[in-house]
Amino acid sequence: MNSDDTAAYTFVCPACGESLAVTDAMRAALLREGCVLCGTAVTDAAFTASQRAETP
């Protein structure tokens, strides 16, 4: 698994409240396209950094 496959953020939609663990690529898509459930535009404020598991 490469680093792009590891959830780096938790996304919480400000409109519908849906919460998802997302990768960097998914974060970029959500910022560009909006929430996948309700379509609301989202900003950086909808994401919090997750602690990535360290690879041994």
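Everything quoted here is computed from the prediction, not taken from an experiment.

Draft legend 1. How the structure looks around the sheet that holds strand β1 (residues 9-12). An order of β2-β1-β3 is seen for the three strands of this open sheet, with the pairing classed as antiparallel. Of all the strands in the sheet, just β2 (19-22) and β3 (47-49) have a single pairing partner and so form its edges. When strand polarity is set aside, the average angle formed by the axes of neighbouring strands in this sheet is 25°. On top of the sheet, helix α1 (residues 24-33) reaches β1, β2 and β3; it is set at about 130° to β2, its chief contact.

Draft legend 2. The arrangement of the nonpolar core in detail. Counting residues in hydrophobic clusters, the biggest one holds eight residues: F11, C13, V22, L30, C35, V42, A46 and F47. In this structure, C35 is in contact with F11, C13, C16, L30, T40 and V42, ignoring residues within four places of it in sequence.

Draft legend 3. Fine view of the pairing of β1. In terms of strand pairing, β1 meets β2 through four bridges, oriented antiparallel. Residue V12 lies in a different strand from β2, and its bridge partner there is S19. Between the antiparallel neighbours β1 and β2 lie six residues, among them G17 with a positive phi of about 80°.

Draft legend 4. Quick look at the packing of aromatic side chains. Counting across every chain of the model gives two aromatic pairs. Here F11 and F47 contribute two aromatic rings whose centre-to-centre distance is 5.2 Å and whose plane-to-plane angle is 40°, an arrangement assigned as tilted. Here the residue F11 occupies a position in strand β1, and F47 occupies one in strand β3, the gap between them amounting to 36 residues. An identical accessibility class is assigned to F11 and F47; each is buried.

Cut-offs and rules
- Residues numbered from 1 in each chain as written.
- Predicted model: local features only at pLDDT ≥ 70, side-chain atom pairs only at ≥ 80, totals over all residues.
- Heavy atoms only, no water.
- Pairing = 2+ DSSP bridges.
- Helix = DSSP H or I, 4+ residues; strand = E, 2+ residues; numbered from the N terminus.
- Axes fitted to C-alpha atoms, helices over the stretch in contact; angles between N-to-C directions.
- Contact = heavy atoms within 4.5 Å.
- Core = buried A, V, L, I, M, F, W, Y, C linked by side-chain atoms within 4.5 Å.
- Buried < 20%, exposed > 50% of the residue type's maximum accessible area, 1.4 Å probe, protein only.
- Phe/Tyr/Trp six-rings, centres within 6.5 Å; stacked < 30°, edge-to-face > 60°.

None of this, on its own, says anything about what the molecule does.
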